2 protein chains.
Amino acid sequence: MPSGALPGFRDFYPPEFSERAFVTRTWRDVARRYAFVEYDGPPLEPLELYTRKSGEEIVGQLYNFTDKGGREVALRPEMTPTLARMVASRANALRKPVRWFSIPQLFRYERQQKGRLREHFQLNVDILGEADVTADAELLAVAIDIMRAFGLTPSDVVARVSDRRLWRDRFVGNGVELDQMPQLFAVIDKIERAPRDVTLERLAALGLRPPVVDEILDFVQRKSVHEFLAAAEAVPAMAERVRELRRYATYLEALGVLEYVSIDTTIVRGLAYYTGIVFELFDARGEFRAVCGGGRYDNLLEALGGVSMPALGFGMGDVVLAELLRERGRMPPAEPAVDYWVAGSDDALLPQVMRIATRLRAGGRSVEYALRGQALGRQLKSAAAAGARRVVIIRPDLVEQGEAVIKTLADGHEERVRLSDWLEAA
Amino acid sequence: MPSGALPGFRDFYPPEFSERAFVTRTWRDVARRYAFVEYDGPPLEPLELYTRKSGEEIVGQLYNFTDKGGREVALRPEMTPTLARMVASRANALRKPVRWFSIPQLFRYERQQKGRLREHFQLNVDILGEADVTADAELLAVAIDIMRAFGLTPSDVVARVSDRRLWRDRFVGNGVELDQMPQLFAVIDKIERAPRDVTLERLAALGLRPPVVDEILDFVQRKSVHEFLAAAEAVPAMAERVRELRRYATYLEALGVLEYVSIDTTIVRGLAYYTGIVFELFDARGEFRAVCGGGRYDNLLEALGGVSMPALGFGMGDVVLAELLRERGRMPPAEPAVDYWVAGSDDALLPQVMRIATRLRAGGRSVEYALRGQALGRQLKSAAAAGARRVVIIRPDLVEQGEAVIKTLADGHEERVRLSDWLEAA
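Just so you know, the residues in each chain are numbered from 1, in the order the chain's sequence is written. Written order decides the labels, with chains lettered from A and ligands numbered from 1. Totals for whole chains, interfaces and linings use every residue, but because this is a predicted model, local features are given only for residues with pLDDT of at least 70 and side-chain atom pairs only at 80 or more, for both listing and counting.

Trainee: Lay out the relation of the copies chain B and chain A with the relevant residues and their values.
Mentor: The relation between the two copies of this chain is a rotation about an axis and a shift parallel to it. When chain B is brought onto chain A, the operation consists of a screw motion whose angular component is 180 degrees and whose axial shift is 0.0 Å, with 0.0 Å RMSD remaining. Both copies of the chain, as the preceding transformation shows, are related through a two-fold rotation axis. It is F65 of chain B whose C-alpha, among those of chain B, lies nearest the rotation axis, at 3.2 Å. Any two residues are considered in contact once their C-beta atoms, placed from the backbone, lie within 7 Å. Of the residues that chain B buries at the interface, 100% are likewise interface residues in chain A, meaning the two copies contact each other through the same surface. We superpose the copies by least squares over the C-alpha atoms of residues that have a pLDDT of at least 70 in both of them.

Trainee: Before we move on, can you summarise the packing of helix α1 (residues 14–33) of chain A against helix α4 (residues 133–149) of chain A with the specific residues and values?
Mentor: Residue and element names in this part refer to chain A. Axis separation between α1 and α4 bottoms out at 9 Å; the angle between their running directions is 130 degrees. As judged from the angle between their axes, α1 and α4 are oblique. Regarding α1 and α4, the two cross each other, and that crossing is right-handed. Taken together, the residues of α4 that come into contact with α1 (itself represented by T26, W27, D29, V30 and A31) are V142, D145, I146 and A149. The axes used here are C-alpha line fits, helices contributing only the stretch in contact, and every angle between their N-to-C directions lies in the interval 0 to 180 degrees. Numbering of helices and strands runs from the N terminus; a helix is a DSSP stretch of H or I covering at least four residues, while a strand is a stretch of E covering at least two. Convention used here: angles under 35 degrees read as roughly parallel, angles over 145 as roughly antiparallel, angles from 65 to 115 as roughly perpendicular, and any remaining angle as oblique. When the near helix sits turned anticlockwise from the far one by under a right angle, the crossing is termed left-handed; a clockwise turn instead gives a right-handed crossing.

Trainee: Outline the confidence of the model for chain A, supporting the account with residue identities and numerical values.
Mentor: Taken residue by residue, chain A gives an average pLDDT of 94. The fraction at 70 or more is 98%. Among the scores for the predicted complex, ipTM is 0.95 and pTM is 0.96. On a scale of 0 to 100, pLDDT captures the predictor's confidence in every residue.

Trainee: Mind laying out the sheet that holds strand β14 (residues 340–344) of chain A, listing which residues take part and the relevant values?
Mentor: Whenever strands of a sheet pair, they do so through backbone hydrogen bonds, lying parallel or antiparallel. All names here are of chain A. The strand order across the open sheet built from 5 strands is β15-β14-β16-β17-β18, with neighbouring strands paired in mixed fashion. The outermost strands of the open sheet, each flanked by one partner alone, are β15 (367–369) and β18 (414–418). Taken pair by pair, the neighbouring strands of this sheet meet at an average axis angle of 25 degrees, ignoring direction. Here β14 runs beside β15; their pairing, made up of 3 bridges, is parallel. Note that in β15 the partner of V342 across the bridge is Y369. Note on pairing: two strands pair once DSSP finds at least 2 bridges between them.

Trainee: Explain the packing of α1 of chain A against helix α12 (residues 318–327) of chain A residue by residue, including any values.
Mentor: Residue and element names in this part refer to chain A. Here α1 crosses α12 at 105 degrees, and the two axes come no closer than 11 Å. In terms of axis orientation, α1 runs roughly perpendicular to α12. Taken together, the residues of α12 that come into contact with α1 (itself represented by E19, R20 and V23) are D318, L321 and A322. Tallied by class, residues from the contact of α1 with α12 come to 3 nonpolar, no polar and 3 charged. Amino acids are sorted into nonpolar (Ala, Val, Leu, Ile, Met, Phe, Trp, Tyr, Cys and Pro), charged (Asp, Glu, Lys and Arg) and polar (every other residue, Gly among them).

Set out below in structure tokens:
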């Protein structure tokens, strides 16, 4: 028998499942508070759904195959194409804006690297049908409020916001030609990890004049939204972006998340399909990969062959997030699976044990008992091993008087109770 | 763009997702009360995991392929092999009995028939490490208590219990040869759908004498457990099974589920690996396929190359169950996604609207508001369309006095409140 899961795939034993459930429960809870509703699609989709968006080169990273009916299919590597397909086929019937979320498991055949997984779970939150920056603020607020729900503060997590249009408005015609932008973005994309002199060389190699280079180096400094706006106000070409970002900041403040947000124009890569404001959430110390990324993709639904609809969304994977939560002490231990253990001193009491368990279970309690006759001491050990909070002990002499002993395992406290009254109250 | 999901795969739009979530939530809730803990494995596994158990012929029904690393892999068609693999690799470290459950999505390349799906979600509940019939009773109790949690009574659902050993003990040496049993089972398996004279012909064709045929026709009558035991007591060869079933019945009664249970010896098919008591849950009117099936498979873990451990479990799919729930009026409508809608009479009030939404969301409420300026009447319509219970209305004159109007949409009732006090209490 294969002794393990496939490389890059995870087994979720109960302790790991408990962590995954904690993450997904928190995701659901916050998304629900923002009035997003959950949907899901198939984990297996027509291959064409992905090549249509990303070109044939994506096939190298997919789990794709030909099914027994001759269809080219692939395990979903991302959720947006499924979302686009589903929304397109009911576009007229859906209330706008569409506020949907999903928690799919996604699959990519990544070249195997240490610790690199080939599957993960990813929260996807999308708003479809609203072009205004209000929607951008609402979307980022969901992502940040999830961080807050996990107990992560602005000193743990920062939201880095950008918009490629800022670059165009700031520099095209002000020292950079439109056709130089792709090369400039390539330099900017590497700027965080490159030594300063290497960046200077690269910018000089583009033929940019020293004052422009200086302006670029200032432009890429991470700033609070208000700092950024104060500087940008001096640039007439940025007036429209400034007005929009000013509203964005007002809304983020009203939504209680502005303290997490900075403007970081070095975020230029992202998927080519973003058309407006984009953002990434990072741990504030910069130790992990991005926790979350997203933004506005107004042209994508139409490009996928569906309806034309402004749209924006983000994806937040479970892997980096869980690493961060563990590192910050924010991943709670697994809840014990057992509220009560019921123990009988005698095999003949087993039906009585089961009746007590059944009463407690009917009241919503989680209850276990020994399926095989065991000495009381052994049962108490099993109860402790199961993490039970309390043990209900019955013995023939107690049963005769309609009584039981309730033992609290944490402190060993024992209390003799009238069983019927106690069950009524438990 | 492909306009739909692959044949046999479901899109879960929010209304369908809500039904699925209701089913899985109920599954989890009951499994948790019985102190089962959740695990999961990968949806993609080595192909060998399935051929080892079921032989090469299963490959025709699988979504299998060669991955980019040359591995033969398959989408999981069932959960037990993954369970066996996971338990085997940590057998010594796990507390016994292992009480685990999982809710995997499973995949089979079924020849396409009307309404026949190629994926479904299936609750898997297993107990590993306990050979006694106490575990069989506990397992069946979980399955039945799930039915009860869905509001299904003994007049909606019956548990049909059997054990192939009953046939051996009753008839081998009493008119049937051991080597006739496979053919006899083949007849019994079809008995429910075959006319009586066809069954008589088939039994006669096996060379069984008329009195034995009569005994078989009586033996296959569905009976309460106590009726069955009363009849079986007359057969000395069944003494061991009678003792076991008597204890089983005592436990099922103590666990509060005996009223759902009957003995039905026509359940003989099942997977070949069952070794003891087996059961299926059916709707009482016999309109649907089985809702659930399971039983004891004491030899399987070892056969899969893992550890030798007695084991039993059941699987309950979401598809037939959901059909039954809908048919019996037990599938609740989707919960509205919105508790409160916040509406401002004026675009300039939007930040104030967002602050109110944020306060309510921080208190756990689900809140939506119009992302684009709209007349109040239009916003009220949107609120109603979203299923909001109440609308918080603000206008400049109200804001000035720190007040708001709370409108209950169900009855149109409006109340003017002091906003800060109301938010405190909301």
